[in-house]
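Understanding the architecture of this molecule
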Amino acid sequence: MPELNEFEDLVPGQSLTGPELGAYPWENPPDFADPDEALAFIFDKLAQDDTILMGIVKLLENEVTPDTIADGILLNAFMVGQITPDVSLILREPLVDLIRVVGKEADADINEIDIETATLTANLSEEVMEELRAKPDDEAPLNEEEQVEEDIARGIMAPPAQMEEDDG
């Protein structure tokens, strides 16, 4: 067995750079920087390929939401280097509408995201976050200098609680 040399290991973050810069499609300029051009390309691709249309209809019939289908299409377009993430955000709603039209033309039952449930979940999570942020009235917020001193006193190298009481 060869001897392990710690100095010949991977550099931290090396996996994020790939074999060389530009080796992955998303590391190069996109094919479509303009959202209108990208939407036209996706529309043409969908309109010309019956296999893709039938796949979308089957997904809709299996209760996959148009939002989920659009997210998959846009993620794939990003991964192959056709669009950037910001363009995918711009294209999301028009693509969801296009998928809804495809489903209506095929008389497929379209399963939509339950807006009430999504709103209730968002409100509940906001309430929980507010409760976590709230402090009791008897505990006044510390100014920045006091907060730094308190953090130091609780750190790993802080003196034991007995020593603090003896000093005070």
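Here, the structure is the one placed above.
Computed from a predicted structure; not experimentally measured. (Residues numbered from 1 in each chain as written. Predicted model: local features only at pLDDT ≥ 70, side-chain atom pairs only at ≥ 80, totals over all residues. Heavy atoms only, no water.)

**Some remarks on the overall build of the protein**
The criterion, for reference: A run of DSSP states H or I qualifies as a helix once it reaches four residues; a run of E qualifies as a strand once it reaches two. Both are numbered from the N-terminal end. Relative accessibility thresholds used throughout: buried, under 20% of the residue-type maximum; exposed, over 50%; partly exposed, between the two (1.4 Å probe, protein chains only). Contact between two residues is taken to exist if any of their heavy atoms lie within 4.5 Å; hydrogens are not considered. With residues, only the protein chains shown are counted as cover, and all accessible areas are computed by Shrake-Rupley using a 1.4 Å probe.
The secondary structure content of the protein amounts to 7 helices and 0 strands. The linear arrangement of helices and strands in the protein, starting from the amino end, is α-α-α-α-α-α-α. Residues counted as buried form 17% of the 168 residues belonging to the protein. Sequence separation of at least 24 residues holds for 63% of the intrachain contacts in the protein that already meet a minimum separation of 6. Per element, the accessible surface of the protein, about 13,500 Å² overall, is 56% carbon and sulfur.

**Thoughts on the nonpolar core**
Defined as follows: We define a nonpolar core as any set of buried Ala, Val, Leu, Ile, Met, Phe, Trp, Tyr and Cys residues linked to one another through side-chain atoms lying within 4.5 Å.
In terms of nonpolar packing, the biggest core is built from 20 residues, with Ile56, Ile83, Leu95 and Ile99 touching the most fellow members. Going through the elements one at a time, helix 1 (35-48), helix 2 (50-61), helix 3 (66-79) and helix 4 (85-105) are the ones with two or more residues in this core. With 7 residues, the top contributor of residues to this core is helix 4. Setting aside anything within four residues of it in sequence, one finds leucine 95 in contact with Ile42, Leu46, Ala70, Ile73 and Leu74.

**A look at the packing of helix 3 against helix 4**
Stated formally: The axes used here are C-alpha line fits, helices contributing only the stretch in contact, and every angle between their N-to-C directions lies in the interval 0 to 180 degrees. Roughly parallel here means an angle under 35 degrees, roughly antiparallel means over 145, roughly perpendicular means 65 to 115, and every remaining angle is called oblique. Crossing handedness follows the turn of the near helix against the far one: under a right angle anticlockwise gives a left-handed crossing, and clockwise gives a right-handed one. Residues are grouped as follows: Ala, Val, Leu, Ile, Met, Phe, Trp, Tyr, Cys and Pro are nonpolar; Asp, Glu, Lys and Arg are charged; all remaining types, including Gly, are polar.
Interaxial distance between helix 3 and helix 4 falls to 8 Å at its minimum, and their mutual angle equals 140°. When the axes of helix 3 and helix 4 are compared, the pair comes out oblique. Helix-helix and strand crossings are classified by hand; for helix 3 and helix 4 the assignment is right-handed. Contacts from Pro66, Asp67, Ile69, Ala70, Asp71, Ile73, Leu74 and Phe78 of helix 3 reach helix 4 at Pro85, Ser88, Leu91, Arg92, Leu95, Val96, Ile99 and Arg100. Considering only residue class, the contact of helix 3 with helix 4 consists of 11 nonpolar, 1 polar and 4 charged.

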